[in-house]
Structure formats: C-alpha cells, structure tokens
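Secondary and tertiary structure notes
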Amino acid sequence: MVSIVVPVYNAKKYIKDCIDMVCAQTYKDWELILVDDASKDGSADYIEELISSMGKRIRLIRKEKNEGAAAARNTGIDASAGRYIAFLDADDVWKPEKLEKEIAFMEETGAAFAFHSYEFGDENAKPTGKVVKVPRELTFRKALSRTIIFTTTVMFDTEKIDMEIIHMPQVPSEDTATWWRILKSGITAYGLNENLAIYRRPSKSLSSNKLVAIERIWFLYRNIANLSVLESLFYFGGWAVRATLRRLF
C-alpha cells in the first residue's frame, strides 16, 4: 500500500480536486492522509464533509496549532500504514498513472528513494510547457548543485529506508534539507524521467523569489550539508547556473 501524505493549510479551494485526483489513480492500493495544519478557511470541516462516505482509506488529522508543512508531513508519516510513502501538496497535480509508474520504477531499480520529472503550471495548474527533466541517479554531491527533487514527485520504500530519516526538520527549505540528509547517509535517489505531475506556481515577484532562494540555498550549504565557505561557493555557482537555465528553458 502507498500512504499519501498531504499537508493542508487554507487549501479549501483545492481539496476536492486533490481527493478526486487520488481516487482517479490507476494504482488502487493506497491510503490518503490529509493533515490540516490549523487552517482558518474551513478546510478541515470541508474535508470531513467530502470524505464522510468514502471509507477509512481517506483520513483527516486535525492539528491544534499551525506548525508548518514539515511538521504536518511528519504527522502524516507517523500515522502512515503503507509500505510506500508519497507526498502530495494540495494544490499540485498528479497524472492518473503517477503511482503505478513510480512503484514499477522502484521495483525495477530496487530504489529506496525515487522521484520523477514534472511540469510547471500557472495558478490554475495549466501546463506551461516547461518540463523539468531528472537524472537517472542522484547522489549527495550531485544534489548539492541542483535542487531538482520536487516534493510532490517523491516516494520512499519504508522496507529499505529508516522511517526516522524521512522526517523533515523545521528549517527553511525543509524538503531539500531532508533529501540531502538522506543522500548524505549513503542512499542514492533514482529519477524516473517521465513527466507525471504539475507544479502549480502562482505568479510572484521573480526578484523576491530569487533572493529568498539564494538565502535558503546558502543556509542549506552551511547548516545542513556542513560545507566550508569555499565549498559552498563552488556548489552555489553550479546551482545558480542550473537554476537560471531551468527558468529560461
């Protein structure tokens, strides 16, 4: 079984589509764990209304206070019962064959940690045509110059990876920090170069996004990867080039 963990915060307008999308997966052995992070828009009540007749395979967990996406995902991980754990953000989109193809890929490669390609979408999840291709294998050192793993594409096999190591820390860019920690432990991530998801990206100030991204990647180099200043500058150069090319092409 696949445990699908979805952090929910003020995501009422996306929730029905999210649940319908999971129900439409061609792979049917799954449970959906929706973790409401103390939403203020009625998300939790709406979820209860939607899932009341859907059985126990869809669960809602209500958190008493807002603690952020990392803590919400960790709550979902702790509540999971499946062999596989997948992450999905409420506003992102999976193609119907996502679970089926990723599990087949993990069985083929023997991967404990897998991810796949995805496409950028606008605020309505309309594809923009910009597809992020992924490498077949990604080690810790290779990952330092490319933040290419998108959380909504990730899947873990808990028979091959310690559950504790996939818990996310409470730091900026907690998802990338988690991937790096896992890779640094010696595990290799395997990339399925097939577009199976859409990353909904609302229009924002590019200059603001760039500054935040630079601050976060530097924090990760120095505090998560524990690199020296010179090492950080080296990998930052590679990251900056790849990030620019990804936006242009």
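Quick note: structure is the one above.
Residues numbered from 1 in each chain as written. Predicted model: local features only at pLDDT ≥ 70, side-chain atom pairs only at ≥ 80, totals over all residues. Heavy atoms only, no water.

1. Quick notes on the environment of Ile-15
Under the convention used in this document: To qualify as a helix, a DSSP run of H or I must reach at least 4 residues; to qualify as a strand, a run of E must reach at least 2; elements of each kind are numbered from the N terminus. Here, residues are in contact when the closest pair of their heavy atoms is within 4.5 Å.
Following the sequence through the fold, Ile-15 ends up in helix α1 (residues 12–23). Along the chain, Ile-15 and Asp-91 lie 76 residues apart, while their C-alpha atoms are 7.8 Å from each other. Dropping the residues within four chain positions of it, Ile-15 is found in contact with Val-8, Tyr-46, Ile-47, Leu-50 and Ala-90.

2. Comments concerning the pattern of salt bridges
Just so we agree on the cut-off: Salt bridges, as used here, are contacts in which a Lys or Arg side-chain nitrogen is within 4 Å of a carboxyl oxygen on Asp or Glu. When a residue's accessible area, from a 1.4 Å probe over protein chains only, is under 20% of the maximum for its type it is buried; when over 50% it is exposed; and in between it is partly exposed.
Evaluation of the coordinates by the stated rule reveals 12 salt bridges. Ionic pairing is found between Arg-73 and Glu-174, a salt bridge with its closest N-O pair at 3.3 Å. With Arg-73 in helix α3 (residues 69–79) and Glu-174 in helix α6 (residues 174–184), the pair connects residues that are 101 residues apart, well separated along the chain. For Glu-174, a relative accessible area of 17% translates into the label buried. The partner of Arg-136 in a salt bridge is Glu-108, and the shortest N-O contact between them spans 3.4 Å. With a gap of 28 residues between them, Arg-136 in the loop between β7 (127–132) and β8 (137–138) and Glu-108 in helix α4 (residues 98–109) connect regions that are remote in the sequence. Its relative accessible area of 45% is what places Arg-136 among the partly exposed residues. For Glu-108, a relative accessible area of 60% gives the class exposed.

3. Describing the packing of α1 against helix α2 (residues 43–51)
What counts here: Lines fitted to C-alpha atoms define the axes, with helix axes restricted to the stretch in contact, and inter-axis angles between N-to-C directions lie between 0 and 180 degrees. These descriptions rest on fixed angle ranges, namely under 35 degrees for roughly parallel, over 145 for roughly antiparallel, 65 to 115 for roughly perpendicular, and the rest for oblique. The handedness criterion is simple: a crossing whose near helix is rotated anticlockwise from the far helix by less than a right angle is left-handed, and one whose near helix is rotated clockwise is right-handed. Under the scheme applied, nonpolar residues are Ala, Val, Leu, Ile, Met, Phe, Trp, Tyr, Cys and Pro; charged residues are Asp, Glu, Lys and Arg; polar residues are all the others, including Gly.
The contact between α1 and α2 brings their axes to 9 Å, and the two run at 25°. One finds that α1 runs roughly parallel with respect to α2. Crossing handedness for the pair α1 and α2: right-handed. For the pair formed by α1 and α2, the contact residues are Lys-12, Ile-15, Lys-16 and Ile-19 on the first element and Ser-43, Tyr-46, Ile-47, Leu-50 and Ile-51 on the second. Grouping the constituent residues of the contact of α1 with α2 by class yields 6 nonpolar, 1 polar and 2 charged.

4. Observations concerning α3
Because an α-helix packs 3.6 residues into every turn, residues spaced three or four apart end up facing the same way. Of all the residues in α3, the buried ones are Ala-70, Ala-71, Ala-72, Arg-73, Asn-74, Gly-76 and Ile-77. Where α3 is buried, its residues meet β1 (2–8), β2 (30–36), β4 (84–87) and α6.

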